[in-house]
Amino acid sequence: MEDTKKIRVLIAKPGLDGHDRGAKVIARALRDSGMEVIYTGLRQTPEQIVETAIQEDVNVIGLSILSGAHNFLLPKVIQLLKEKNAEDILVISGGVIPEEDILGLKEAGIAEVFTPGTPTSEIIDFIKTHVK
Amino acid sequence: MDTIEAVLNGNKRSIAKLITLIEEKSHDAKEILKKIYTHTGKARIIGITGAPGSGKSSLVDKLAKILRSKNKKIGIIAVDPTSPFTGGAILGDRIRMQDLALDEGVFIRSMGTRGALGGLSKACYDAAKVLDASGMDYILIETVGVGQSEIDIAKLADIVLLVMVPGMGDDVQAIKAGIMEIGDIFVINKSDKDGADRLVTEIETALGLCFEKKELKPPVIKTIATEGYGIEELVETIDVLWEYLTKKDYLKIKRTNRIRQEIIGLLTESVLNNIMTTYSEKIEFLVEKAVKRQIDPYSAAEIIIKEKSL
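Quick caveat: nothing in here was measured; it's all calculated off a predicted structure. (Residues numbered from 1 in each chain as written. Chains lettered and ligands numbered in written order. Predicted model: local features only at pLDDT ≥ 70, side-chain atom pairs only at ≥ 80, totals over all residues. Heavy atoms only, no water.)

**Considering the layout of surface pockets**
Residues and elements named next belong to chain B. Space inside the largest pocket adds up to approximately 1500 Å³. Mapped onto the lining of the largest pocket, the elements with two or more residues apiece are α2 (12-23), α3 (27-36), α5 (123-133), α6 (153-156) and α10 (250-278). A per-element tally of the lining of the largest pocket places α10 first, with eleven residues. By residue class, the composition of the lining of the largest pocket is 14 nonpolar, ten polar and 17 charged. When residues of the lining of the largest pocket are assigned to domains, at least three map to each of domain 1 (41-247) and domain 2 (261-309). (1 Å grid on protein atoms, 1.4 Å probe; cavity = no way out; pocket = protein on both sides within 12 Å on 5 of 7 lines; lining within 4 Å. Points joined across faces, edges and corners; volume = space filled by probe spheres on them. Helix = DSSP H or I, 4+ residues; strand = E, 2+ residues; numbered from the N terminus. Nonpolar A, V, L, I, M, F, W, Y, C, P; charged D, E, K, R; others polar. Domains from an automatic or database assignment.)

The structure is reproduced here in structure tokens:
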């Protein structure tokens, strides 16, 4: 059990909103599914998130965002990952994101967007299927 | 062998990937560790241990900042507990270290204990070597929040900071065995709280009892990590202690013991693995017999040892 490969996930809150309840619920759910969750707290810049993801060698970045700045901050994370040759890291997102923005975010490279009401089991399944 | 060169040059992605290989117990990791070992031994390894919530992460954050202002390169390993039930973990020490994330001269890695019970993870020891070889001047290792007896950090660190806070018990706690015996420097954090001075007195008294024969009593330093109070003094104290340890050969003795323990540990693991694979059937057979009380466990073990040496 202790020797197997573990999925490492960075849960981060980019930007200026101060609500981390959702991020903590997700972190806890992923923990209970056997993953190692690195939780970095509020108000992270995309640069901080990407550097942290690299040093922690995570498989997944989960970005929780409720501020409305998702169309700027989320593609920025993707762009920085590419600059660092780390685009193999799966990036998913959750929070208050309007339906009409989701397609654009996916085109920018966000693997999936989970809106409020999504069962945590769905997120866990998605991660387990998509991490090689 | 690109990885080796990249690690020695301090490439963060390569360091991070190598630490993952170590955590996964990959054979490749061992081969790389063999090759980088000659480059280790230069960094000062400082352990930070103490109860949950005593302020270890905040203290590491402030220590790193002062060391950075002296242009030192810092590697940080922060350990948090892995669930014994699910194998998952929440690694949250970075929350207190956000400002360090973009500092070129800092590398931070969070680790789950993954079944180890002594306050560290097994991979910590080798991860520290990687950071050492990559050219870090200081390696700060933050243990999980500990209780009374998780003392693995004493096996890994050159200097152990034991972080305590006021209001966690009476003076008898200060004379108990275990964790109280491994502190090289006692840090009384949150020292603006009631009882800080009394705690300092209690610890100094207790240390006076234990360390009468030694020339250097562990210093006791008051800090308020969140405000940066006392941190300069702490860094100076670490430097003074370092001078003392190196001058008196104490550091050499510590490190020699550490390396001896490591080799013995590796030997034990490998011999045990060897026995477990070669004699698995025989062991099961003896287990069955012992369950039926036809043989005792002591004789069962002796039978295997005898067969092994034949």
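**Some points on the sheet that holds strand β2 (residues 36-39) of chain A**
With respect to topology, six strands assemble into an open sheet ordered β5(A)-β4(A)-β3(A)-β1(A)-β2(A)-β3(B), the strand pairing being parallel. Here the strands that pair on one side only, and so sit at the sheet edges, are β5 (112-114) of chain A together with β3 (89-91) of chain B. Neighbour-to-neighbour, the strand axes of the sheet open up by a mean angle of 25°, direction not taken into account. (Pairing = 2+ DSSP bridges. Axes fitted to C-alpha atoms, helices over the stretch in contact; angles between N-to-C directions.)

**Comments concerning the packing of helix α9 (residues 231-247) of chain B against α10 of chain B**
Residues and elements named next belong to chain B. At their nearest, the axes of α9 and α10 sit 4 Å apart, and the two run at 80° to each other. As far as their axial angle goes, α10 and α9 are roughly perpendicular. Two secondary-structure elements touch here, α9 through Trp 242, Tyr 244, Leu 245 and Thr 246 and α10 through Tyr 250, Leu 251 and Arg 255. Partitioned by chemical class, the residues of the contact of α9 with α10 number five nonpolar, one polar and one charged. (Parallel < 35°, antiparallel > 145°, perpendicular 65-115°, else oblique. Contact = heavy atoms within 4.5 Å.)

**With respect to the nonpolar core**
Residues and elements named next belong to chain B. Formed by 48 residues in total, the largest nonpolar core has its most connected members in Ile 77, Val 130, Ile 141 and Ile 203. At seven residues, the largest contribution of residues to this core is made by α5. The contacts of Ile 77, once residues within four sequence positions are left out, are Arg 109, Met 111, Cys 124, Ala 127, Ala 128, Leu 131, Leu 140, Ile 141 and Glu 142. Judged by nonpolar contacts, the second largest core, of 32 residues, contains Ile 46, Ile 48, Leu 100 and Ala 225. (Core = buried A, V, L, I, M, F, W, Y, C linked by side-chain atoms within 4.5 Å. Buried < 20%, exposed > 50% of the residue type's maximum accessible area, 1.4 Å probe, protein only.)

**As for the confidence of the model for chain B**
On average, residues of chain B score 91 in pLDDT, and 97% of them reach the 70 mark or higher. Scoring the predicted complex yields pTM 0.91 and, for the interface, ipTM 0.92. (pLDDT = per-residue confidence, 0-100.)

**Looking at the packing of aromatic side chains**
Residues and elements named next belong to chain A. Taken as a whole and judged by the stated rule, the model has two aromatic pairs over all chains. With centroids separated by 5.7 Å and ring planes inclined at 80°, the aromatic side chains of Phe 114 and Phe 126 adopt a geometry described as edge-to-face. Here Phe 126 lies in helix α5 (residues 120-130) and Phe 114 lies in strand β5, a separation of twelve residues in the sequence. Relative accessible area serves as the criterion here: at 9%, Phe 114 is assigned to the buried category. (Phe/Tyr/Trp six-rings, centres within 6.5 Å; stacked < 30°, edge-to-face > 60°.)

**Considering unusual backbone geometry**
Residue Asp 57 of chain A is not a glycine yet carries a positive backbone phi of 45°. Take Asp 57 of chain A: it is sitting in the loop between α2 (46-55) and β3 (60-65). Looking at Asp 57 of chain A, the relative accessible area reads 9%, which means it is buried. Even without glycine at this site, Lys 25 of chain B takes up a positive phi of about 55°.

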